[in-house]
Amino acid sequence: MNVGVPGPDAQVVPMRLQRFLARAGVASRRGSESLMSAGRVRVNGAVVTEMGAKVDPAVDVVEVDGRVVTIAKSPVYLMLHKPRSVMTTMKDPEGRLTVAEYVPVGEHPGLFPVGRLDYDTTGLLLFTTDGELAHRLLHPRRKVPKTYRALVDGRPDRAAITALERGIDLDDGPTAPAQVDEVEAVGPRTLMEITITEGRKRQVRRMFSAVGHPVIELERVSFGPVRLGDLAPGRWRMLSDSEVAALRDAVTDARTED
Ligand code: URA
């Protein structure tokens, strides 16, 4: 599993031209060599017949019979443990620190965060280049559960917890049912765990404020089936194949594929 600092991506290092052609699905490696020998392959406009020639898929333009061929890159899925005081955006016009500083966007152009966490919220933030899966994960109809650990002022009583679970009347409408549990008392504060299936702006903070227990610290610990685990703040890691499959499952209907 790939963890932490961006490293070279095996998909974009230079490779032999016949391997590139095979990976692009043009022909088998042997068949690609025949195409090269026949003078049908150009790299950056020049015919290449030499079998040892290498290409860098990130920069070289390869043509077969005048048609550009490319290797389809598989989508990328990773998680970041977003630290506090960081904007969830890939670019901030005011020059503030953004999540883009923490993830390998140079190696994976098109990487973007799935939803957002507030400036002061920490925890699990998914990133992908797969727009379709991201769209599904964020669609209100999918009701993907997101779990947060919230350190709140005071100690919510049973009535407050029931109100949070049933739905709070916020200024943008009532919240959907949630699951709320007390984790532990921390002096005059309480560590709570809350799972919501919506993604409204500052939703968890507004919900706890509405019952008289403002949030002091907020961390997202899971997104659907994916858990933050012990990933340190500021670090990222690729999702495993099984995590990606579980995310897909979480947003795929048994009957329809939309
Ligand atoms: N709810 C909030 O209040 N803030 C977040 O960042 C996420 C959920």
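Nothing here was measured: the structure is a model prediction, and the numbers come from that model. (Residues numbered from 1 in each chain as written. Predicted model: local features only at pLDDT ≥ 70, side-chain atom pairs only at ≥ 80, totals over all residues. Heavy atoms only, no water.)

1. A word on the domain arrangement of the protein
It is common to give the size of an interface as the accessible area lost on bringing the parts into contact.
Item 1. By the assigned domains, the protein splits into domain 1 (77-140 + 231-239) and domain 2 (145-223).
Item 2. Of note, the centres of domain 1 and domain 2, computed from C-alpha atoms alone, are 23 Å apart.
Item 3. Between domain 1 and domain 2, the residue contacts involve 15 residues of the former and ten residues of the latter.
Item 4. Between domain 1 and domain 2, a total of about 990 Å² is buried, with carbon and sulfur atoms accounting for 47% of that surface.
Item 5. Here domain 1 is connected to domain 2 by two salt bridges.
Item 6. Between arginine 205 and aspartate 118 there is a salt bridge; the shortest N-O distance is 3.0 Å.
Item 7. Seen at the junction of domain 1 and domain 2, the total is six residue pairs in polar contact (both at pLDDT 80 or more).
Item 8. For the side of domain 1 that touches domain 2, the elements supplying multiple residues, two or more each, are β9 (122-128) and α3 (131-138).
Item 9. At five residues, the largest contribution of residues to the side of domain 1 that touches domain 2 is made by β9. (Domains from an automatic or database assignment. Contact = heavy atoms within 4.5 Å. Buried area = accessible area lost by both parts, 1.4 Å probe. Salt bridge = Lys/Arg side-chain N within 4 Å of Asp/Glu carboxyl O. Polar contact = N/O pair within 3.5 Å; in protein donor to acceptor, adjacent residues only side chain to side chain. Helix = DSSP H or I, 4+ residues; strand = E, 2+ residues; numbered from the N terminus.)

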